[in-house]
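# Per-entry structural report
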Amino acid sequence: MPRSLNQQIFVAALLGLAIGLGFGATGPDAPGVKVGLYLAGLVGNVFVDLLKMVLVPLVFASIAVGVANLRQHSQLQRVWVATLCFFVFSMALAIALGLAAAHLFQPGAGQSGTWFRDATAGFAAKQMTPLEFAASFLHGLFMNPFAALAQANILAIVVFALLLGIALVVGGERYRNILLLLRETLELMLRLVGWIMRLAPLGIMALLIQLVATQNAAVLATLAKFVAVVIGTTLLHGFVVLPLLLYGATGMAPLTFFNGAREALLTAFATSSSSATMPVTLRCVEQHLHVDAEIAGFVVPLGATMNMDGTALYEAAAALFVANLAGIELDLTQQLIVCFTTMLAAMGAPGIPSAGMVTMVMVLQSVGLPAEAIAILLPVDRLLDTVRTMVNVEGDMIGSLVVQRWVGRPG
Ligand code: ASP
C-alpha cells in the first residue's frame, strides 16, 4: 500500500485507466460494467462537487487577503505586471508551438471533401466576432458580487476581491477585523481542502474509469493524426518547454516541480476543469512548492481562468486543422489573426470542461473558417481536454513560482 497521498493518487490514476480500458473492452452494457460505471459516476461527481463547494469562498478569500498582504509590501504593481507578462509570454509560446506542429504534421490535409461537408451539415454554431467577444468579456468582469458568488463566476469574483483587497489596505487599521476574518476563512477553506483530498485517490480513479470507458474508438481512429499531434505537442509544452522556462527563471529542477505539483496535475487531468482543480492547485503551490501565500493567492486564481497554455495551443492547432479539412490555405496575416484571437479566446475561456470548444468558434470565424467545424472536434474534445487542462494548471503553478522569483519574496 503506497503511503503518501501523492503516491496513492498516482497509483489510483493508473488503476482508473486500466479499469476504464477493461470496461471499454467489455462494453458498457455488461451488467458488471453498468454497475461499475454507475458507481464511478457517483464517486467522481461527489469529488468534483466537494472541490466546487470550497472553490468560491477560497478564491474570494485568497485574492482579497493576497492583495491586502502584497500592498503592505508595496509590491502589488510588480506582481500584477509580472503575472500578466508571464501569462501572455507562456501562452504566446504555446500558440507558436501549436501552429508549428500543425504546419509540420499537416493533420487533416487531404481529408477535405464530402466527409467534411457531411460531418458539419446541419450543425449551427453560435456566432461571435472577436469584437463582440471582447465586449462580452469586459462586461462579464464587473458583476453584482452576490450574483457572481452564487453563480461561481470566477472572473467576476476575482475582480471584486481584488478591489476589496485594495480597499482593505487603503482603509488600514479601520478594517483590520474584516481582514482577520478573511484570513481565517482562507485558512479554514484550506483545511477543508486537506480533508477533501483524502478522497482524491478514489475520486480521480472514478473519473478516469468513466472517461476511458466511454471513449468512442471509431471516432478516435478517424481523427487519430490530429489527436496525436495535439496531445504530443501539448505534452511537449508541459513536459519540456514550461519546465525549461521554470528552470531558466528560477533554477528549480523539473523533478522537484513535478513532485510538488503531481496532486494538482492529476486532479486537472481527471476533472478537465482548472476551476474545480484550483483548491488543489493552491494547496500544492503553497504547501509543496513553498510559494508565499500572497503571491500564490493572487496568481493561481487569476491563472485558473486567464492563463491557459493548453487551450491556446489546442485552439491554434485546431484552426489549422479545420483549414486543412475545409481545403482553405491561411496566409500569414490570417495566421497572425489566429494567434491574436486564440490568445483572447484562451484568456476568456472559463476553467470548466470543454470551455475551449465554445471560444474556438470565435477563432474559426475570425479568419472565415466554418464555425460548424466544431461538430468534428466535439467527439474528441473530452479526451483532449484532459491533457490541455493539466497543462493549463501546470502553467499557473509555474507562473506563481516565476513571479515569486521575479518580484523577490515579499516580507
Ligand atoms: N477545460 C479547460 C480548463 O478548465 C478549458 C478548456 O476547455 O480548454 O482549463
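For the structure, check the block above.
Residues numbered from 1 in each chain as written. Predicted model: local features only at pLDDT ≥ 70, side-chain atom pairs only at ≥ 80, totals over all residues. Heavy atoms only, no water.

Helix length check: helix α16 (residues 332-348), at 17 residues, gives a terminal C-alpha distance of 24 Å against a target of 24 Å (1.5 Å per residue), a fit within 8%. Gln335, Val338, Thr341, Thr342, Met343, Ala345, Ala346 and Met347 are the residues of α16 that are buried. In this structure Asp331 caps α16, since a side-chain oxygen of it lies 3.2 Å from the backbone nitrogen of Thr333. (Helix = DSSP H or I, 4+ residues; strand = E, 2+ residues; numbered from the N terminus. Expected span 1.5 Å × (residues − 1). Buried < 20%, exposed > 50% of the residue type's maximum accessible area, 1.4 Å probe, protein only. Polar contact = N/O pair within 3.5 Å; in protein donor to acceptor, adjacent residues only side chain to side chain.)

Here we come to the site of the ligand. Lining the immediate surroundings of the ligand are 15 residues, of which Ser274, Thr311, Gly356, Asp385 and Arg388 lie closest. Here Ile352 contributes a backbone N or O atom positioned 3.0 Å from a nitrogen atom of the ligand. In isolation the ligand exposes 270 Å². Once the protein is present, 100% of that is buried. Cavity membership is defined here by more than half of the atoms lying within 2 Å of grid points; on that basis the ligand lies in the largest cavity. Residue contributions to the shell around the ligand peak at 4 residues, all from helix α18 (residues 374-407). Looking at the shell around the ligand, its residues break down into 4 nonpolar, 9 polar and 2 charged. (Near = heavy atom within 4 Å. Areas by Shrake-Rupley, 256 points an atom, 1.4 Å probe, with all protein chains shown as cover. 1 Å grid on protein atoms, 1.4 Å probe; cavity = no way out; pocket = protein on both sides within 12 Å on 5 of 7 lines; lining within 4 Å. Sits in = over half its atoms within 2 Å of the grid points. Nonpolar A, V, L, I, M, F, W, Y, C, P; charged D, E, K, R; others polar.)

It is worth spelling out the packing of aromatic side chains at this point. Overall, the coordinates contain 6 aromatic pairs when judged by the stated rule. Each ring, one from Phe226 and one from Phe321, has its centre 4.0 Å from the other, and the planes form 10°; the classification is stacked. Highlighted residues: Phe226 in helix α11 (residues 224-250) and Phe321 in helix α15 (residues 309-326), separated in sequence by 95 residues. Taking 5.2 Å as the distance between ring centres and 70° as the angle between the ring planes, the aromatic pair formed by Phe257 and Phe258 counts as edge-to-face. Side by side, Phe257 and Phe258 carry an identical accessibility label, which is buried. By way of ring pairs, the aromatic residues Phe226, Tyr314 and Phe321 are connected into one cluster. Sitting over the face of the ring of Phe10, Arg262 holds its NZ or CZ atom 5.0 Å from the ring centroid. The ring of Tyr314 has Arg388 lying over it, and the distance from NZ or CZ to the ring centre is 4.5 Å. (Phe/Tyr/Trp six-rings, centres within 6.5 Å; stacked < 30°, edge-to-face > 60°. Lys NZ or Arg CZ within 6 Å of the ring centre and 35° of its normal.)

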